[in-house]
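# Fold and contact review
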Amino acid sequence: MAEDWTGAFESRSSDTFADAFAEDVVLEATALRKPISGRDNVALVMGTASKAYESLVFTHEATNGQRSYVEWEAVIAGEPTLYGSTILVRDESGKIVKAIIQHRPLDGVLAFSAKMGELLAGSAIDPDSFHAR
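To start, this report covers the structure provided alongside it. Bear in mind that the values here come from a model prediction, so they are computed numbers and not experimental data. (Residues numbered from 1 in each chain as written. Predicted model: local features only at pLDDT ≥ 70, side-chain atom pairs only at ≥ 80, totals over all residues. Heavy atoms only, no water.)

A separate point is the overall build of the chain. Of the regular secondary structure elements, the chain holds four helices and six strands. Written out in order from the N terminus, the α and β elements of the chain read α-α-β-β-α-β-β-β-β-α. For 133 residues, the compact-globule estimate of 2.2 N^0.38 gives 14 Å, and the C-alpha radius of gyration of the chain, at 14 Å, lies within 12% of that figure. If you line up the chain on its principal axes, its C-alpha atoms span 40 × 30 × 25 Å. Across the 133 residues of the chain, 43% fall into the buried class. (Helix = DSSP H or I, 4+ residues; strand = E, 2+ residues; numbered from the N terminus. Rg over C-alpha atoms; globule rule 2.2 N^0.38 Å. Buried < 20%, exposed > 50% of the residue type's maximum accessible area, 1.4 Å probe, protein only.)

Attention now moves to the nonpolar core. In this structure, Trp5, Phe21, Leu27, Met46 and Phe112 are the most contacted members of the largest nonpolar core, which totals 36 residues. Of all the secondary structure elements, the ones that give two or more residues to this core are α1 (3-11), α2 (14-20), β1 (21-29), α3 (39-52), β4 (67-75), β5 (82-90), β6 (96-104) and α4 (106-119). Considering every element that reaches this core, the biggest residue donor is α3, with six residues. For phenylalanine 21, the residues in contact, after removing those within four places along its chain, are Trp5, Arg39, Val42, Ala43, Met46, Lys95 and Ile96. (Core = buried A, V, L, I, M, F, W, Y, C linked by side-chain atoms within 4.5 Å. Contact = heavy atoms within 4.5 Å.)

Our focus in this paragraph is the packing of aromatic side chains. Applying the stated criterion across every chain yields a total of nine aromatic pairs. A ring pair is formed by tryptophan 5 and phenylalanine 17, whose centres lie 5.5 Å apart and whose planes are at 80 degrees; its orientation type is edge-to-face. One end of the pair, tryptophan 5, is in helix α1; the other, phenylalanine 17, is in helix α2, and 12 residues separate them in sequence. Judged by its relative accessible area of 1%, tryptophan 5 is buried. On the basis of relative accessible area, phenylalanine 17 is assigned to the buried category, the value being 1%. Aromatic pair phenylalanine 9 and tyrosine 53: ring centres 6.4 Å apart, planes at 35 degrees, arrangement tilted. Of the two residues, phenylalanine 9 sits in helix α1 while tyrosine 53 sits in the loop between α3 and β3 (55-64), which places them 44 residues apart along the sequence. Note on accessibility: phenylalanine 9 and tyrosine 53 belong to one class, buried. (Phe/Tyr/Trp six-rings, centres within 6.5 Å; stacked < 30°, edge-to-face > 60°.)

Worth remembering: the numbers are spatial, not functional.
Structural data, given as C-alpha cells:
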C-alpha cells in the first residue's frame, strides 16, 4: 500500500509526493524541530529530501488498515548511514494525511536536518524547522 510513497522517492519529485497527500497532510520527523503542514509544504520537504539521498533502500513494509509501515536505509555523502521507519496514515480515499518519519542514529539525524535546512533556505519552509550546524 506504500507504493505511492516509495514511487515518489524513486521519481525524486515534489509533484509525485503531492499526488499522494491529502490537502491537510502533516509531516512529523525526528529531523524536524516542529511539524510541517499542508500538501505543498510537505511535498516540497519530501521532494528535497528524496534528492538529498545518494541512495535509499526500502527494506520492509507492512500495512494494517489505513496505516502503512516502511523501514529503510539511506546514505548522504560524507554522513553516517541513516536507518529509519516511516508510518503513513491514510484517509478513507487513500490519501496520506500524516507521515511520521523516524531516523537514527542521532549524529546522522542532526546532519540530515542541517542539510535540509540549507537546501530549503529561502523557501516557504520556516528555517527554524531544522537543526542548525
